[in-house]
Amino acid sequence: MVYFLLSILVVAALPWLITTPYWRGILVLCAMNVLLALSLNLVMGYTGQLNLGQSAFFGIGAYVSTLLIKSYGWSFWLAALAAVGAAGLLGLALAAFAARLRGHYLAIASLGFAVITYQVLVNWEKVTQGVRGIYGILPPVPNTTALFYLVAAIAVLVYALLDNLVRSPVGETLRAIREDEVSAASLGVNGALWKAFAFGLGAAIAGLAGVFYPGLVGTLVPDAFNIVESFTMMAMVIVGGMGTMIGPVVGAIVLTFLPELLRGFGELRLMIYGIALTLVVLFMPGGMVQAWMTLRSRLR
């Protein structure tokens, strides 16, 4: 609890320590990535389902909220609620379609869903404007600092809710499905129902992150939600520590700021970034958090 309160104080102080508009924008992006990593960790880390379609729900949240605001004059919060609901319902639909799939079959199905969603955003030009994009999108708050506090506060709330969830009997049920779905079924666990729950909740949280993205960048184009984003989210979860609560948060922070800190290396930036990710996966297979816990236990 002490560490949690200290983390909140550090987050609250960040906009005062980082004064440039560009880096304050990166702070907002980092808070969104924390939400995305937490959403995917619920599905991958706790339920054991390899979902590569999370970028689709991120995009659905962004487009549904923006279109309702720009085209139909909805208020931001009402549009946000509708967008989160739409993302959650589509997550449930994907879970229903892929209920009997496991492992790489589920990965391929979810990846296909992400590709279909991306193609819809590109080709349904009458609604989404396609590759031309939607411009002049305003944030729900006056400035970037206020937007950071808003998104960070929501991320902290989501973290607290998920932390309580995974510590409850629901979390035990999800972990049972992750470890051995057949054995869990023999104990009366409805695997399809609980996987649908995890998919739906994870999709809704990803949609919630997407609601704030258009206001940050001011424009909305499909390329922001291509399948590469799904792999980036998965990297955040794996690098930080899959199946832990703090791991995805650490992974999101590291993988948001690391590419920015490497910009001074020019064309070598992506190579250094790739080498760093490879080294973490090779030498910290349980993620950075698990590696730190192991080191701390050995020092003791």
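Going by the structure above, here's the rest.
Small disclaimer: the values here were computed from a predicted structure and weren't measured. (Residues numbered from 1 in each chain as written. Predicted model: local features only at pLDDT ≥ 70, side-chain atom pairs only at ≥ 80, totals over all residues. Heavy atoms only, no water.)

1. Side note on a nonpolar patch on the surface
Phase 1: Together, Phe265, Leu268, Met271, Ile275, Leu279, Leu282, Phe283 and Met284 line one region of the surface with nonpolar side chains, adding up to about 830 Å² of accessible area.
Phase 2: Note that Met284 resides in the loop between α13 (269-283) and α14 (288-299). (Patch = residues over 30% accessible without salt bridge, like charges linked within 9 Å, V, L, I, M, F, W, Y side chains within 5 Å. Areas by Shrake-Rupley, 256 points an atom, 1.4 Å probe, with all protein chains shown as cover. Salt bridge = Lys/Arg side-chain N within 4 Å of Asp/Glu carboxyl O. Helix = DSSP H or I, 4+ residues; strand = E, 2+ residues; numbered from the N terminus.)

2. What about the pattern of salt bridges?
Phase 1: Scanning the model with the defined rule gives 6 salt bridges in all.
Phase 2: The salt bridge partner of Asp163 is Arg167, with a shortest N-O separation of 3.1 Å. Remark: Arg167 and Asp163 occur in helix α7 (residues 144-167); sequence separation between them is 4 residues, near one turn of the helix.
Phase 3: According to the relative accessible area criterion, Arg167 is exposed, its value standing at 64%.
Phase 4: Two residues, Glu181 and Lys195, come together in a salt bridge whose shortest N-O distance is 3.3 Å. Here Glu181, found in helix α9 (residues 181-186), pairs with Lys195, found in helix α10 (residues 191-217); they are 14 residues apart in sequence, far enough to count as distant. (Buried < 20%, exposed > 50% of the residue type's maximum accessible area, 1.4 Å probe, protein only.)

3. Quick look at the nonpolar core
Phase 1: Counting 81 residues, the largest nonpolar core has Phe212 and Phe225 as the members making the most contacts within it.
Phase 2: By residue number, the principal contributor to this core is helix α2 (residues 21-46), which donates 16 residues.
Phase 3: Setting aside residues no more than four positions away along its own chain, Phe212 makes contact with Met32, Phe76, Trp77, Pro140, Leu147, Leu150, Val151 and Ile154. (Core = buried A, V, L, I, M, F, W, Y, C linked by side-chain atoms within 4.5 Å. Contact = heavy atoms within 4.5 Å.)

4. A short note on the packing of aromatic side chains
Phase 1: A full pass over the atoms with the stated rule returns 12 aromatic pairs.
Phase 2: Ring plane angle 65° and centroid distance 5.7 Å describe the contact between Phe58 and Tyr213, whose orientation is recorded as edge-to-face. With Phe58 in helix α3 (residues 54-72) and Tyr213 in helix α10, this residue pair connects regions lying 155 residues apart in the sequence.
Phase 3: When the centroid spacing of 5.1 Å and the interplanar angle of 75° are considered together, the rings of Phe58 and Phe225 count as edge-to-face. Here Phe58, found in helix α3, pairs with Phe225, found in the loop between β2 (219-220) and α11 (227-240); they are 167 residues apart in sequence, far enough to count as distant.
Phase 4: Residue classification places Phe225 among the buried residues on the basis of a relative accessible area of 2%.
Phase 5: Three or more aromatic residues joined by ring pairs make a cluster, and in this case those are Phe58, Tyr63, Tyr213 and Phe225. (Phe/Tyr/Trp six-rings, centres within 6.5 Å; stacked < 30°, edge-to-face > 60°.)

5. Brief notes about the environment of Gly112
Phase 1: Within the element layout of this structure, Gly112 appears in helix α5 (residues 103-123).
Phase 2: Distance in space between the C-alpha atoms of Gly112 and Leu52 is 8.6 Å, their sequence separation being 60 residues.

6. Considering α2
Phase 1: Taking 1.5 Å as the rise per residue, α2 with 26 residues should run 38 Å; its terminal C-alpha atoms sit 36 Å apart, in good agreement.
Phase 2: In the structure, α2 departs most strongly from a straight axis at Leu40, where the bend amounts to approximately 35°.
Phase 3: Within α2, 21 of the 26 residues are buried, which leaves the element mostly enclosed by the surrounding structure.
Phase 4: Remark: Gly48 follows α2 within two positions and exhibits a positive phi of approximately 75°. (Expected span 1.5 Å × (residues − 1). Bend = angle between axes of the 7 residues up to and from the residue.)

7. Details of unusual backbone geometry
Phase 1: We note that Gln129 has phi near 70°; this positive angle belongs to a residue other than glycine.
Phase 2: One can find Gln129 in the loop between α6 (125-128) and β1 (134-135).

8. Observations concerning the packing of α2 against α11
Phase 1: Across the interface, α2 lies against α11 with an axial gap of 9 Å and an inter-helix angle of 75°. Relative to α11, the element α2 is oriented roughly perpendicular. The residues of α11 that touch α2, namely those facing Asn33, Leu36, Ala37, Leu40, Asn41 and Met44, are Met233, Met234, Met236 and Val237. (Axes fitted to C-alpha atoms, helices over the stretch in contact; angles between N-to-C directions. Parallel < 35°, antiparallel > 145°, perpendicular 65-115°, else oblique.)

9. Description of the side chain of Gln54
Phase 1: Within the fold, Gln54 resides in helix α3.
Phase 2: Polar contacts involving the side chain of Gln54 include one to the main-chain carbonyl oxygen of Gly202, which spans 3.2 Å. (Polar contact = N/O pair within 3.5 Å; in protein donor to acceptor, adjacent residues only side chain to side chain.)

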